[in-house]
Amino acid sequence: MSTGAPSDGASDPLESAVLAARLFLTDPQRFGGMVLRGASPARDAMVARLSEAMTSRSLTVRRLPGHIDDDRLLGGTDIAASLAAGRAVTARGLLAESAGGALIVPMAERMEASIAGRLAQALDASGEGEDAAPALILLDDGREADEAPPASLIERCAFECDLGPSRAAQCPGLASESPHSSSAEMTDDQRQALAATAAALGIYSARPLLFAQRAACAHAALSGRDAVQADDLAAAVNLVLAPRAVQLPPAPEEPEPDAPPEPPPEPPPPGDPSDQPENERDQTQPDQPLEDMLVEAAAAAIPPDLLADLAAGKAPRRASGGGTGKRRKSGLRGKPLGARPGMPRGGARLALIDTLRAAVPWQEARRRETLVADDAPILMRKDDLRVRRFEDKAARVTIFALDASGSAAAARLAEAKGAVELMLAQAYVTRSEVAVIAFRAESAELLLPPTRSLTRARRALSELPGGGGTPLAMGLNAARECAEMVMKRGRSPSLIVLTDGRANIDADGQPGRKQAGEDAEAAAKAIAREGIDALVIDISARAGPEGATLAQNMHARFLALPRADAKTLHTAISAAQSPATSPARGQAA
């Protein structure tokens, strides 16, 4: 049996996912759930196999609708049945219907925080039998860095598997293991080794560590062993801890050259080693310390994309409500969020069904209080009124920071102006806004505040001269200030910097390449700290390392387009802003 993610990258990730699924099926409620990333035939087949295995054990499997409300999730008044019966009739919620089974959550990266909170609360308060909360199978289709299921639910799911790279079209059958099939014992030294491995990976939450212990015991039980061995611990580290790593494990310390050699180990007592149990021989004669072996296994099992991010000092992706624009509550339009108590005024719309659902349970008491006949119309109160809620996404404002210095003007300023005009025309069609900042000589100027006026933009660009030094720090600071102003107005800024990256004017307007470079680096890091979405385009005729370094300091995407006209620049910018094709931050397209 495989012990987790392959270390050489040759094995299909479905193999590790199958092992994780078999461990999960031994006790779904104790493992909490699974996170399956990457839409692929392999993931669809895995979900089907999980459903079959749980259904064969008479466990209920349900799907969570994308726009579920609290009444459907937790249970509430059945309006139709209540109106027909003349009394309040309560309907079971989806959590009660799937108790002890599993909930499949499609597009988990789009789940509302309120629904995630209800599910997390149900998992924490889970009991036994009919009171047990359903395990979660979160299907993550996120592509952007900020698109991920809620962190509160990922924390409560033992296994995270990325099946996007898998080329398998089918999933092997999952053995229908009964819950609590057997329990393997774990020593205190093994628990300490798991804790040390988690600390080496930067994992300080208790839940992943508990999941790893349960996974090691379940792996030993599936292998027919009564005691946990090193292979079981390695499987738990690979499947539970490695996908959660937030830092690379430290390199092993080299012994000091002047240190005396360690004395040889004492010879074993007389007797045939074969008389000792296999697990005892493994523990008494290890090739290396258990902690070091588990840390090495974890480092080898970290997914390649996560490994690249950790090596670059980037934190793993987590949901932060990003996307095409900042989310905000609205009473008029957008994605439905359910209803809340309130008066239908100021443009807010009455939620009729939710209003009836709030009023029906009180009808019997209100009729007795007002001495009204049982067949009287529904008695409404002000507290029964409910209004609709929507979530709208704020408009995106694209901020162009255009290098109009002498070096840029001699090379690509005309093409850069043409690309900006094409982007302006596109923004006019999509009703988004565009701002233009130009920096040259000893200043940076906001040529065009956020606007949708194509005429004003063309006039501002046509009047832009080229020449002088490159005050890159000034331009970046001006762009950051403009982005902060946009965010304060509830909109989402997107910064596009067109430059060759060769600064020679510092933030105070004084010449000097060294100080100018340091100031530009500081300004780029300030943009990164604000979390502003950014793209750096090297518009020089011969791209150098300066543009890529600037993008890396800014935590921005990078494009080097040395020989492209305005149309090609526009196409490249549009492709880089697309979620499906945007390159990784700080990397060249």
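Coordinates for the structure precede this section.
Since the model is a prediction, treat every value here as computed from it, not as a measurement.

About the cut-offs
- Residues numbered from 1 in each chain as written.
- Predicted model: local features only at pLDDT ≥ 70, side-chain atom pairs only at ≥ 80, totals over all residues.
- Heavy atoms only, no water.
- Salt bridge = Lys/Arg side-chain N within 4 Å of Asp/Glu carboxyl O.
- Helix = DSSP H or I, 4+ residues; strand = E, 2+ residues; numbered from the N terminus.
- Buried < 20%, exposed > 50% of the residue type's maximum accessible area, 1.4 Å probe, protein only.
- Pairing = 2+ DSSP bridges.
- Axes fitted to C-alpha atoms, helices over the stretch in contact; angles between N-to-C directions.
- Parallel < 35°, antiparallel > 145°, perpendicular 65-115°, else oblique.
- Left-handed = near helix turned anticlockwise from the far one by under 90°.
- Contact = heavy atoms within 4.5 Å.
- Nonpolar A, V, L, I, M, F, W, Y, C, P; charged D, E, K, R; others polar.

A full pass over the atoms with the stated rule returns 23 salt bridges. One salt bridge in this structure joins arginine 49 and glutamate 52, with 3.5 Å as the shortest N-O distance. Placement of the pair is arginine 49 and glutamate 52 together in helix α3 (residues 41–56), with a separation of three residues, close to one helical turn. A relative accessible area of 31% means that arginine 49 is categorised as partly exposed. Aspartate 232 serves as the salt-bridge partner of arginine 225, at 2.3 Å between the closest nitrogen and oxygen. Residues participating in the shared-partner salt-bridge network are Arg37, Asp140, Glu160 and Arg244.

Moving on, we get to unusual backbone geometry. With phi around 60°, serine 58 is a residue other than glycine that occupies positive phi space. By secondary structure assignment, the location of serine 58 is in the loop between α3 and β2 (61–63). Here serine 58 falls in the exposed class, since its relative accessible area comes to 67%. At alanine 441, a residue that is not glycine, the phi angle is positive and equals roughly 55°. By the secondary structure assignment, alanine 441 is in the loop between β12 (433–440) and β13 (443–451).

Take the sheet that holds strand β16 (residues 557–560) next. With respect to topology, six strands assemble into an open sheet ordered β13-β12-β11-β14-β15-β16, the strand pairing being mixed. In this open sheet, the two edge strands, each paired with only one partner strand, are β13 and β16. Between one strand axis and the next, the sheet turns through 15° on average, direction left out of account. Relative to β13, β12 runs antiparallel, the two sharing six bridges. Counted as the bridge partner of phenylalanine 439 is alanine 444 from β13.

Now for the packing of helix α1 (residues 13–26) against α3. Helix packing geometry: the angle between the two helix axes and the distance between the axes. Between α1 and α3, the least distance of the axes is 11 Å, while the angle of their chain directions is 20°. What the angle tells us is that α1 and α3 run roughly parallel. Note that α1 runs across α3; the crossing there is right-handed. When α1 is examined against α3, the residues Leu14, Ala17, Val18, Ala21, Phe24 and Leu25 are found in contact with a partner set consisting of Ala42, Met46, Leu50, Ala53 and Met54. Considered class by class, the residues forming the contact of α1 with α3 number eleven nonpolar, no polar and no charged.

Interpretation in functional terms is not warranted from these geometric data alone.
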